[in-house]
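So the chains spell out like this:
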Amino acid sequence: MNHPLNIAVIGCGRIGRIHAENLATRIPGAHLAAVADIAGASAKEVADQWHVPKFTADYKELLADKTIDAVAICSSTDTHSRIIQESAAAGKQIFCEKPIDYDLARIHAALAAVQKAGVKLQIGFNRRLDPSFAQVRELVTSGRIGQPHIIRITSRDPEPPSHEYIKVSGGIFLDMTIHDFDMVRFLSGSEAEEIYAIGDTLVDPSIRELGEIDTAIVTMRLKSGAMATIDNSFKADYGYDQRIEVFGSKGSASATNHTPDNHVLMDAAGVHQAKPLYFFLERYTEAYVREMRAFVEAVRKNQTPPVGGDAGLQAVVMGLAATRSLRERRPVKLSEIV
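Computed from a prediction, not measured in an experiment: that's the story for all the values here. (Residues numbered from 1 in each chain as written. Predicted model: local features only at pLDDT ≥ 70, side-chain atom pairs only at ≥ 80, totals over all residues. Heavy atoms only, no water.)

Asks: Where do I start with the overall build of the protein in this structure?
Replies: Counting secondary structure elements, the protein contains 14 helices and 15 strands. The buried share of the protein, reckoned over its 338 residues, is 51%. In the protein, once contacts between residues fewer than 6 apart in sequence are set aside, the share between residues at least 24 apart is 70%. With 38 positive and 42 negative side-chain charges, the protein shows a spacing of 5 Å between the two charge centroids. (Helix = DSSP H or I, 4+ residues; strand = E, 2+ residues; numbered from the N terminus. Buried < 20%, exposed > 50% of the residue type's maximum accessible area, 1.4 Å probe, protein only. Contact = heavy atoms within 4.5 Å. Lys, Arg positive; Asp, Glu negative; His and termini not counted. Charge placed at Lys NZ, Arg CZ, Asp CG, Glu CD.)

Structural data, given as structure tokens:
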């Protein structure tokens, strides 16, 4: 492809605005050609901010536009699989935020549409492109820590989402832990075999009234023989807590929290340093840029995107297994879900 990749962003909420800004200012070989949002005012605001030539409340107008090469689907989750299928039928290259859907049949339909159309699909598991996490993965795959035995992931938000968001989120395992499920696969190079999840409502009792939990621990056995554990919480008073570790037969590789600066104060009261960055927009700024650069490069060079549709499918299968495990109070094999 000799010309810049013309990309349309569908959905101008929080994550859509991040991708729109990056495409407009930080992604070589890409051109933010259009934006869409069911709230037309939001689409116009983003278009005005980044000098986008076209905006609309109806994303189907963008799918019909022959000058648009690709779409970044950043709309609500319940629209993802449908828009993937429509975009594939229109011949657009596709970037889609996680998850593809909460329903396996709809995920399979979306992936089949992509395959039939012969277009590319990249799923927005941006943490794979985080420089720190990617380096841990490189240390594992290079054999520096030997055979992985234990994967540990901590992922805690600084505050709970709104009740309105929780009601449509699919629950903690399909909305929050889904990133961690993908990270287990990414770091270990193995699929999960069995998952056991426990959880409760320890942060905000009103979340229990929604039938949801805000605190969880997930353990799993992988097909490689390794074991993994994930802990999640909706509220960490000290900031966005994001840590990973892979312990193996020859050593350990880990990545700790990012802070606004690296100062350390030592005095009679103790040792003090900056708290972790506040939330995901700050913590994963570089990862969002890198994942979109990777998508654009994959399309322009006709390469396989780094995070394909199967990654989106497997993370949802893991989330459904964890959800069933919590409900039925037992370990669940992934073969039961598939």
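Asks: Teacher, can you tell me more about the pattern of salt bridges here?
Replies: Two side chains with opposite charge may pair up if their charged atoms get near one another. Scanning all chains against the criterion turns up 24 salt bridges. Among the ionic pairs, lysine 44 bridges to aspartate 48, the shortest N-O distance being 2.7 Å. Taken together, the residues lysine 44 and aspartate 48, both in helix 2 (residues 40-50) and four residues apart, mark about one turn of the helix. Aspartate 241 is the partner of arginine 156 in a salt bridge, and the nearest nitrogen-oxygen pair spans 3.1 Å. (Salt bridge = Lys/Arg side-chain N within 4 Å of Asp/Glu carboxyl O.)

Asks: Which parts of the structure should I look at to understand the pairing of strand 14 (residues 270-273)?
Replies: Residues in a regular strand project their side chains so that they alternate between the two faces of the sheet. As paired elements, strand 13 (residues 264-267) and strand 14 share four bridges and run antiparallel to each other. Of the residues in strand 14, the one forming a bridge with methionine 266 is valine 271. Where strand 13 folds back onto strand 14 in an antiparallel hairpin, the turn is made up of two residues. (Pairing = 2+ DSSP bridges.)

Asks: Please explain the side chain of asparagine 22 as it appears in this structure.
Replies: Here asparagine 22 shows up in helix 1 (residues 14-25). A relative accessible area of 4% places asparagine 22 in the buried class. Every residue in contact with asparagine 22, bar those within four places of it in the chain, is listed here: Ile27, Tyr288 and Val289.

Asks: I'm lost on the environment of aspartate 241 in this one. Help?
Replies: Residue placement: aspartate 241 occurs in strand 11 (residues 241-248). Looking at aspartate 241, the relative accessible area reads 1%, which means it is buried. Along the primary structure aspartate 241 and alanine 134 are separated by 107 residues, whereas in three dimensions their C-alpha atoms are 18 Å apart. Sequence-distant contacts of aspartate 241, defined by excluding residues within four places in its chain, comprise Thr154, Ser155, Arg156 and Asn257.

Asks: I keep staring at the nonpolar core and nothing clicks. Help me out?
Replies: Note on soluble globular proteins: their nonpolar side chains tend to be buried together. Ranked by internal contacts, the top residues of the largest apolar core, which has 105 residues, are Ile94 and Met220. When residues in this core are grouped by element, the largest group, eight residues, is from helix 13 (residues 309-328). Discounting residues that sit within four places of it in the chain, methionine 220 has contacts with Phe181, Val184, Ala192, Glu194, Ile195, Ala226, Met227, Ala228, Ile230 and Met318. (Core = buried A, V, L, I, M, F, W, Y, C linked by side-chain atoms within 4.5 Å.)

Asks: I keep staring at the sheet that holds strand 2 (residues 30-36) and nothing clicks. Help me out?
Replies: Two strands in a sheet stick together by hydrogen bonds in their backbones, pointing the same way (parallel) or opposite ways (antiparallel). The parallel open sheet is built from six strands, whose spatial order is 3-2-1-4-5-6. Edge positions in the open sheet fall to strand 3 (54-56) and strand 6 (121-123), since each of these has one partner strand only. The sheet shows a mean angle of 20° between the axes of neighbouring strands, direction not considered. Sheet topology note: the strand 2/strand 3 ladder contains three bridges and is parallel. By the bridge assignment for strand 3, alanine 36 is matched with threonine 56. (Axes fitted to C-alpha atoms, helices over the stretch in contact; angles between N-to-C directions.)

Asks: Honestly, the packing of helix 6 (residues 131-141) against helix 9 (residues 177-188) in this entry has me stumped. Any pointers?
Replies: Packed helix pairs are specified by the crossing angle of their axes together with the interaxial distance, meaning the distance between the axes. It is the contact of helix 6 with helix 9, at a shortest axis distance of 8 Å, that shows an interaxial angle of 40°. Across the interface between the two elements, Phe133, Ala134, Val136, Arg137 and Val140 of helix 6 pack against Met183, Arg185, Phe186 and Leu187 of helix 9.

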